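Descriptive analysis of the structure
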Amino acid sequence: MRIGIAGAGAWGTALANAAALAGNAVALWMRDPEQAALLAGTRTNPRFLPGVRLHEAIRPTANLADLAETEAVLLVTPAQTTREMTAALSAVLPAATPLVLCAKGIERETRAFLSDVAEAVRPGSPLAVLSGPSFADDVARGLPTAVTLACRDAALARRIAAALSGPTLRIYHRTDVRGVEIGGAAKNVLAIACGAVAGRGLGESAKAALVARGFAELLRFARAYGGEAETLMGLAGLGDLVLTCSTAQSRNFAFGLRLGQGLSPEAAAEGRLVEGASTARALVALARAREVDMPISEAVEKILNGAWTLDQAVDALMNRPIKSELE
């Protein structure tokens, strides 16, 4: 296929390499013409993926209209830019061109899931979401990785997944768009909690308990909003949660780690985007709207807004009423 990728950060560049390695012609768009010229000339992206060479089938561009002739476009910009970027793409893409959302989050201001944001801007056009346990550096360097692509059109999901899958990237497909995007968004908030546990030195037992109980929260939330439990048991749910909660290579875990070491949220972010921090308030608000019990996510949100210290959050979680594990 002819694949367009909007966004040349680490994840966009990694997906471009993977798509090209799978045999596709790839147009990689970025805002900055100078950056596009640099990538075209050096075949590297030193700012986001130093040391990784761009596949020869990738054509960097700063002209969004260059994506108009592609057969599918992957939107790989931060979650909070989804509305703006979908609108920009709508001006140049045919209505029939599928858009694949690759960010993980919830729109802060409207508390809308990203698929709902894209569908509101581009009604009636094919839409898919891509999520799962994947670090950009692993994918870019050709290390074995598996993720999930969901589209309500099962045949289209199968076709895009097959086109993007290559020797080192395996893409499974589903029709549960909501479940896949919830897994990607919610796990970032839980990863902050796990990082804080590690930073505070609370031990591996506490971290394991947090992952397990966090996954229970994720399942409850997904069911309340129409996601399928089977989806959350797969790559886009449990798989991504395990990866993100286990290493400082995860930006959200690393942010939580610094929180646990006593830094403020502003200092812990180190000037970088932390999707879990952007998502926490919207996630908790959506949970409350449908009376979904999410104590770990609520604790993260309270730490981020200054209502609780980490010690207060731990005390609150450990002193909750004893209940059945199935509740």
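Residues numbered from 1 in each chain as written. Predicted model: local features only at pLDDT ≥ 70, side-chain atom pairs only at ≥ 80, totals over all residues. Heavy atoms only, no water.

The name given to the chain in an unreviewed UniProt entry is Glycerol-3-phosphate dehydrogenase [NAD(P)+], and the organism recorded there is Microvirga thermotolerans. You can read under Pathway (unreviewed entry) in the UniProt record for the chain the words "Membrane lipid metabolism; glycerophospholipid metabolism." Among the UniProt annotations of the chain, the heading Sequence similarities (unreviewed entry) holds the following wording: "Belongs to the NAD-dependent glycerol-3-phosphate dehydrogenase family." (UniProt positions renumbered as here; feature names shortened; annotations may be inferred.)

This paragraph deals with the overall build of the chain. Secondary structure summary: the chain contains 15 helices and 10 strands in total. In terms of overall dimensions, the chain is globule-like: its C-alpha atoms have a radius of gyration of 19 Å, near the 20 Å expected for 327 residues. Across its three principal axes, the chain shows a C-alpha extent of roughly 60 × 40 × 35 Å. Each of the 327 residues in the chain was classed as buried or not, and the buried ones make up 52%. Partitioning the contacts of the chain with sequence separation of at least 6, the portion at a separation of at least 24 is 70%. Surface exposure of the chain reaches about 13,800 Å², of which carbon and sulfur atoms provide 54%. Taken together, the 33 basic and 32 acidic charged side chains of the chain have centroids lying 2 Å from each other. (Helix = DSSP H or I, 4+ residues; strand = E, 2+ residues; numbered from the N terminus. Rg over C-alpha atoms; globule rule 2.2 N^0.38 Å. Buried < 20%, exposed > 50% of the residue type's maximum accessible area, 1.4 Å probe, protein only. Contact = heavy atoms within 4.5 Å. Areas by Shrake-Rupley, 256 points an atom, 1.4 Å probe, with all protein chains shown as cover. Lys, Arg positive; Asp, Glu negative; His and termini not counted. Charge placed at Lys NZ, Arg CZ, Asp CG, Glu CD.)

With that settled, the discussion passes to the packing of helix H3 (residues 82-90) against helix H4 (residues 114-121). Here H3 crosses H4 at 35 degrees, and the two axes come no closer than 9 Å. Judged by the twist between their axes, the crossing of H3 over H4 is right-handed. From H3, Thr-82, Arg-83, Thr-86, Ala-87 and Ser-90 reach across to H4, where they touch Leu-114, Val-117, Ala-118 and Val-121. (Axes fitted to C-alpha atoms, helices over the stretch in contact; angles between N-to-C directions. Left-handed = near helix turned anticlockwise from the far one by under 90°.)

Before going further, it helps to examine the UniProt feature "active site" (unreviewed entry) in the chain. Those places that UniProt annotates as "active site" (unreviewed entry) correspond, in this numbering, to Lys-187. Here Lys-187 is to be found in helix H7 (residues 177-200). The class of Lys-187 is buried, set by a relative accessible area of 5%. For Lys-187, the contacting residues outside a window of four places in its chain are Lys-104, Leu-218, Asp-240, Leu-241 and Thr-244.

In this section: the sheet that holds strand S10 (residues 169-174). Strand order in the open sheet made by the eight strands is S5-S2-S1-S6-S7-S8-S9-S10, with mixed pairing throughout. Single-partner strands in this sheet number two, and they are strand S5 (58-61) and S10. Neighbour-to-neighbour, the strand axes of this sheet turn through a mean angle of 25 degrees, independent of strand direction. Across four bridges, the pairing between strand S1 (residues 2-6) and strand S6 (residues 72-75) is parallel. Looking at S6, one finds that Gly-4 is bridged to Val-73. Against the sheet, helix H1 (residues 10-21) touches S1, strand S2 (25-29), S5, S6, strand S8 (127-131) and S10, its axis set at about 170 degrees to S2. Packing against the sheet, H7 makes contact with S8 and strand S9 (145-151), and its axis sits at approximately 40 degrees to S8. (Pairing = 2+ DSSP bridges.)

Turning our attention to the pattern of salt bridges. Using the criterion set out here, one finds 19 salt bridges in the structure. A salt bridge links Glu-71 to Arg-2; its shortest N-O distance comes to 3.6 Å. Placement of the pair is Glu-71 in the loop between S5 and S6 and Arg-2 in strand S1, with a sequence separation of 69 residues. Looking at Glu-71, the relative accessible area reads 28%, which means it is partly exposed. (Salt bridge = Lys/Arg side-chain N within 4 Å of Asp/Glu carboxyl O.)

Bringing unusual backbone geometry into the picture now. Both trends apply: most residues other than glycine have a negative phi, and most peptide bonds are in trans. The backbone of Arg-111 sits at a positive phi, close to 60 degrees, despite the residue not being glycine. Following the sequence through the fold, Arg-111 ends up in the loop between strand S7 (99-101) and H4. Phi angles above zero are rare outside glycine, and Glu-291 is one such case at about 55 degrees. Here Glu-291 shows up in the loop between helix H13 (275-289) and helix H14 (295-304). Judged by relative accessible area, which is 76%, Glu-291 ranks as exposed.

Bringing the packing of H7 against helix H10 (residues 235-244) into the picture now. Between H7 and H10, the least distance of the axes is 9 Å, while the angle of their chain directions is 25 degrees. One element, H7, and the other, H10, form an angle in the roughly parallel class. Pair H7 / H10 crosses with right-handed handedness. Contacts between H7 and H10 pair Val-180, Gly-183, Gly-184, Lys-187, Asn-188, Leu-190 and Ala-191 from the former with Ala-236, Gly-237, Asp-240, Leu-241 and Thr-244 from the latter. Looking at side-chain class alone, the contact of H7 with H10 contains five nonpolar, five polar and two charged residues. (Parallel < 35°, antiparallel > 145°, perpendicular 65-115°, else oblique. Nonpolar A, V, L, I, M, F, W, Y, C, P; charged D, E, K, R; others polar.)

Attention now goes to the side chain of Arg-43. With respect to the helices and strands, Arg-43 occurs in the loop between helix H2 (33-42) and strand S3 (44-45). Here Arg-43 is buried and forms no salt bridge, its nearest opposite-charge partner Glu-56 lying at an N-O distance of 4.0 Å. For Arg-43, the side chain forms a polar contact with the main-chain oxygen of His-55, separated by 2.7 Å. Setting aside chain neighbours within four positions, we find Arg-43 in contact with Leu-38, Val-52, Arg-53, Leu-54, His-55, Glu-56, Ile-58 and Pro-60. (Polar contact = N/O pair within 3.5 Å; in protein donor to acceptor, adjacent residues only side chain to side chain.)

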